[in-house]
Amino acid sequence: MSIAQNMAHVKSTLPDGVTLVAVSKFHPPEIIREACDAGQRIFGESRVQELMAKRPLLPHDIEWHFVGTLQANKVKHIAPFISMIQSVDSAGLLKEVDKQAAKWHRTIRVLLEIYIAEETSKHGFAMDECRTLLREGMATACPNVCIAGLMGMATFTDDMEQAGREFKRLHTFFEEIKNDCPPSDSFTELSMGMSGDYLPAVANGSTMVRIGSAIFGERHY
Ligand SMILES: *Cc1c(COP(=O)(O)O)cnc(C)c1O
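Everything numeric in this text was worked out from a predicted model, so none of it was measured.

Cut-offs and rules
Residues numbered from 1 in each chain as written. Predicted model: local features only at pLDDT ≥ 70, side-chain atom pairs only at ≥ 80, totals over all residues. Heavy atoms only, no water. Helix = DSSP H or I, 4+ residues; strand = E, 2+ residues; numbered from the N terminus. Buried < 20%, exposed > 50% of the residue type's maximum accessible area, 1.4 Å probe, protein only. Contact = heavy atoms within 4.5 Å. Arc of directions from axis to C-beta. Near = heavy atom within 4 Å. Polar contact = N/O pair within 3.5 Å; in protein donor to acceptor, adjacent residues only side chain to side chain. Areas by Shrake-Rupley, 256 points an atom, 1.4 Å probe, with all protein chains shown as cover. Nonpolar A, V, L, I, M, F, W, Y, C, P; charged D, E, K, R; others polar. Lys, Arg positive; Asp, Glu negative; His and termini not counted. Salt bridge = Lys/Arg side-chain N within 4 Å of Asp/Glu carboxyl O. Disulfide = S-S within 2.5 Å. Core = buried A, V, L, I, M, F, W, Y, C linked by side-chain atoms within 4.5 Å. Pairing = 2+ DSSP bridges.

Once that is clear, we can look at the environment of Leu70. Of note, Leu70 is situated in the loop between strand 3 (63-66) and helix 4 (75-78). Since its relative accessible area comes to 8%, Leu70 is described here as buried. Measuring from C-alpha to C-alpha, the distance between Leu70 and Ser46 comes to 8.0 Å, with 24 residues separating the pair along the chain. Not counting residues up to four positions away in its chain, the partners in contact with Leu70 are Val48, Val75, Ile78, Ile85 and Leu93.

Right, dumping it as structure tokens:
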């Protein structure tokens, strides 16, 4: 199937109002352009170097989301243009994003990455830690970032019931933060779900899915 067909299929299975982020990491610009031609404008990348190399070769109205592990010393490269950083996993990284955003007179939208998997390899804040930092005013200390929601990755498993349970826990936490200590007026996004688990993610309240291989095919590392 073509990229346009893959995208049409994914979209047909998403409820209205769920944003599709096409994760284009490891795919060359000509492949990304096929998705652009089919109308996609939000793309996710996970490596700074790769994003910097590809961006000039693609349409300027693309909204780039950063979804991978981000080193603080690389934030400066993406700060001028990044549309959203979905993978803020420490208070130190948030502060650095704030500092770089200020230099460019921007407000950068971010998601706080929350650790929900049973695997130990994934990144993110523990829920308790995140709640404490927000109560202590982490958001007000960073006026040049807008904390627009949360992101989480489930355990990499074929067990969709387990993935569903992990997403449900994050959704409950998201609602709690939204009601008790929202870090911004636009704390509305819950980014959950990848190619293998986006159906249980949307069933459990995801507002944004990050889909790579189901659109672009296998990645060749
Ligand atoms: C690579 C990646 C994705 C997309 O994964 P697929 O399984 O190819 O859909 C989504 N989110 C993050 C954070 C990623 O690194």
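Moving on from the model shown.
Note that an α-helix has 3.6 residues per turn; residues three or four places apart therefore point the same way. Burial in helix 2 (residues 29-37) covers these residues: Pro29, Ile32, Ala35 and Cys36. Viewed along the axis of helix 2, the buried residues span an arc of 115 degrees, placing them on a single side of the element. In helix 2, the exposed positions that point more than 90 degrees away from the buried face belong to Glu30 and Asp37. Buried residues belonging to helix 2 abut helix 1 (3-12), strand 2 (42-45), helix 3 (48-54) and helix 9 (213-216).

A separate point is the site of the ligand. In the vicinity of the ligand, the contacting residues are Val23, Lys25, Val67, Met153, Met194, Ser195, Arg210, Ile211, Gly212, Ser213 and Arg219. Ser195 has a polar side-chain atom sitting 2.5 Å from an oxygen atom of the ligand. Considered on its own, the ligand offers 390 Å² of accessible surface; in the complex 91% of this is hidden by protein. Looking at the shell around the ligand, its residues break down into five nonpolar, three polar and three charged.

This brings us to the side chain of Asp197. Its location among the elements puts Asp197 in the loop between strand 7 (189-192) and helix 8 (198-203). Within the buried core, Asp197 has no salt-bridge partner, and the shortest N-O distance to an opposite charge, that of Arg210, equals 6.4 Å.

Here the focus is the state of the cysteines. Tallying each qualifying case throughout the model produces zero disulfides. We note that Cys142 lacks a disulfide partner, and the nearest cysteine sulfur, in Cys146, lies 12 Å from it.

In this structure, Ile85 and Leu112 are the most contacted members of the largest nonpolar core, which totals 62 residues. Sorting elements by how many residues they give to this core places helix 7 (residues 160-180) first, with six residues. Filtering out sequence-adjacent residues up to four positions away, Leu112 remains in contact with Val88, Leu94, Phe125, Cys130, Leu134, Met138, Ile147, Gly149, Leu150 and Met151. One finds Val21, Met84, Ala148 and Met208 within the second-largest nonpolar core, a separate group that totals seven residues.

All right, on to the pairing of strand 8 (residues 208-211) then. Side chains Met208 and Arg210 of strand 8 all project onto a buried face; the interleaved residues Val209 and Ile211 project onto the opposite face, where all are buried too. With four bridges joining them, strand 1 (residues 19-23) and strand 8 adopt parallel strand pairing. The residue bridging Val21 from the neighbouring strand is Arg210, located in strand 8.

Any functional reading would require information beyond the geometric quantities listed.
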